[in-house]
Amino acid sequence: MTTAIPIPKTSDELAEMIADPARLAPVLADKGSLASFINDYARQQQGDGTDLRRLVAEETQRELANMLRDNGQDTTIRRPNLDPQTGRAASMLTSHRQGTAHNPAAAGAILDQHFANGVDYVRTIWHKNPATNLGEKLDALRNAAGSVSPSDGGFLVPETLRSQLLQIALEESVVRPLATVVPMDSARVPFPMIDSTTNSGSVFGGMIAYWGEEGAALTDSSPKFGRAVLDAKKLTGLSAVPNELLQDSIVSFSALIESLWPKALAFSEDAACMSGTGVGEPLGFMGAGNSAAIAVAAESGQGAGTIVYENIVKMYARMLPSSLSKAVWICSPDALPELFTMALAVGTGGGPIFVSSAVGAAPMTIFGRPLIVSEKAGALGTRGDIVFADLSYYLIGDRQTMTADSSTDYAFGSDKTTFRIIQRVDGRPWLKSAITPKNGGNTLSPFVELAAR
């Protein structure tokens, strides 16, 4: 390939080169130079990444689709969804699908070929299965589990089944569908974060932008970059089942397990991600443990266990402006009567501001943002009985390995088989502290709670 002779990038550059005898002379020096120049120019015009190659690929794809259509085949061209912000609804755009969709690189993917469905998997790991041809499947399960979680034992869950279980769990979760899910390829994963406390004078922990005359000296800046470490915690689910039920109808039991296991795990994961201590479990975004959270104080003279309109307005005002279009409200069921009866005082009168009539469905938005009712929120009157949060600022680390096992040892005396499933997951807020705005006003945060009353 010619290296001494610059290769024109466009037809105009080629014409300009041909018109310049001094630049053209090295090309015409001998037959080899000319041949090499022609090959290099052709490769640059139609190689990978060029418009010509793109047009050829599109035309080839179009002709293939026409051929399939003429032969009665499905012509839909399906491409992988690479958008990290795909969510369940336009108003709740998150990256959770990256952590719940089937991942061909996950440890359990090597087992997908061995099992047709969840029933086949549960039947295989059941220690009392009378079948005698399970040796190959059991060996594959044991070897795969031993390579990723030797201390847990058990059998690795195939990736297809794991992703199906998590998709079911999404419908029962508050946090995971809205959080930023980070697939973990090891038990500990550091994740970059900006150590920012103020936007006054600089942003993102020290990055500055400024106006200046041409030639003026530059001002140095030293942004503080930190890291949030995600350590995979072990979440274990147990289910003791009478052996008679398994012997009579393991197919029906498997269908039940496929539904109940993900719901039970999702409930525990959700509770920890909301209010966990961070010790042996995720660090929740609610409560004093989250140093970035803001607790809006009660109004002067406000009664215990009450929520007033002024609380809601002040909570809304403490949300990061960039998060106002993404944040959601989360409240305890006991908080609903307080919300539904909130009133705005005007002089000596006033009127309801949340529900004006009980004829239609109850409104489930506040200031246009979704209201989620969860029993995992704080008790009425305590901090966190109502929360306004942008959960894209909450990280969930998913180890993407799940193991399951069965044993009679735990409940041998009652003739039951105990199934155990283990999931490895962690979670923590992405910010370290609330942020002082540029105008020096009240601090702002993606996690805003109502303080105890």
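Scroll up to find the structure this text is about.
Cut-offs and rules
- Along each chain, residues carry numbers from 1 onward, in the same order as the chain's sequence is written.
- Totals for whole chains, interfaces and linings use all residues, but because this is a predicted model, local features are given only for residues with pLDDT of at least 70 and pairs of side-chain atoms are given and counted only at 80 or more.
- To get the side-chain values, take all heavy atoms of the structure and skip hydrogens and water.
- Strands are runs of DSSP state E lasting at least two residues, helices are runs of H or I lasting at least four, and both sets are numbered from the N terminus onward.
- For every residue, the accessible area (1.4 Å probe, protein chains only) is compared with the maximum for its type, and the residue is labelled buried under 20%, exposed over 50%, or partly exposed between those bounds.
- By salt bridge we mean one thing: a side-chain nitrogen of Lys or Arg within 4 Å of a carboxyl oxygen of Asp or Glu.
- Note on definitions: a residue-residue contact is assigned when non-hydrogen atoms from the two residues lie within 4.5 Å.
- Put simply, buried Ala, Val, Leu, Ile, Met, Phe, Trp, Tyr and Cys residues joined by side-chain atoms within 4.5 Å make one nonpolar core.
- Strand pairing is assigned whenever DSSP detects at least two bridges linking the two strands.
- The convention used is that axes are lines fitted to C-alpha atoms, helices contributing only their stretch in contact, and that angles between N-to-C directions extend from 0 to 180 degrees.

*Asks:* Honestly, the overall build of the protein chain in this entry has me stumped. Any pointers?
*Replies:* Scanning the protein chain for helices and strands turns up 11 helices and 15 strands. Out of the 453 residues belonging to the protein chain, those deemed buried represent 42%.

*Asks:* In this structure, what is going on with the environment of Asp185? I would like to understand it.
*Replies:* By secondary structure assignment, the location of Asp185 is in the loop between β2 (180-183) and β3 (188-194). Separated by 214 residues in the primary sequence, Asp185 and Arg399 have C-alpha atoms spaced 6.4 Å apart.

*Asks:* Please clarify how the pattern of salt bridges should be interpreted in this entry.
*Replies:* What the rule picks out here adds up to 9 salt bridges. Between Arg176 and Glu269 there is a salt bridge, with the nearest N and O atoms lying 2.9 Å from each other. With Arg176 in the loop between α8 (159-170) and β2 and Glu269 in helix α9 (residues 243-275), this pair connects stretches of sequence that are 93 residues apart. Taking the shortest distance from any N to any O, the salt bridge between Asp385 and Arg453 comes out at 2.3 Å. Remark: Arg453 occurs in the segment after β15 (447-450) and Asp385 occurs in the loop between β11 (369-373) and β12 (386-389); sequence separation between them is 68 residues. The exposure class assigned to Asp385 is buried, which follows from its relative accessible area of 0%.

*Asks:* How should I be thinking about the environment of Leu283 in this particular structure?
*Replies:* Mapped onto the elements, Leu283 comes out in the loop between α9 and β6 (294-296). Judged by relative accessible area, which is 16%, Leu283 ranks as buried. C-alpha of Leu283 to C-alpha of Ala272: the two residues are 11 residues apart in sequence and 6.9 Å apart in space. What Leu283 contacts, discounting residues up to four positions off in sequence, is Ala272, Cys273, Gly276, Thr277, Gly278, Gly289, Tyr394, Gly427, Arg428 and Pro429.

*Asks:* Looking at this structure, I do not really get the nonpolar core. What am I missing?
*Replies:* Side chains of a nonpolar character, in soluble globular proteins, are inclined to be buried together. Counting residues in each nonpolar core, the largest one holds 26 residues, and the members touching the most others are Val175, Phe285, Ile330, Leu391, Tyr394, Ile396 and Phe447. Residue assignment for this core shows that the elements contributing at least two residues are α9, β7 (328-331), β12 and β13 (394-407). Judged by nonpolar contacts, the second largest core, of 22 residues, contains Trp329, Leu336, Leu371 and Leu450.

*Asks:* Which parts of the structure should I look at to understand the sheet that holds strand β10 (residues 365-366)?
*Replies:* What holds strands together in a sheet is hydrogen bonding between their backbones, with the strands either parallel or antiparallel. The strand order β6-β15-β12-β7-β11-β10 describes an open sheet built from 6 strands, whose pairing is mixed. Every other strand in the sheet has two partners, leaving β6 and β10 as the edge strands with one partner each. Note that β6 and β15 share 3 bridges and pair parallel. Bridge pairing in β15 links Ala295 to Glu449. Helix α10 (residues 309-317) rests against β6, β7, β10, β12 and β15 of the sheet, and its axis sits at about 25 degrees to β12.

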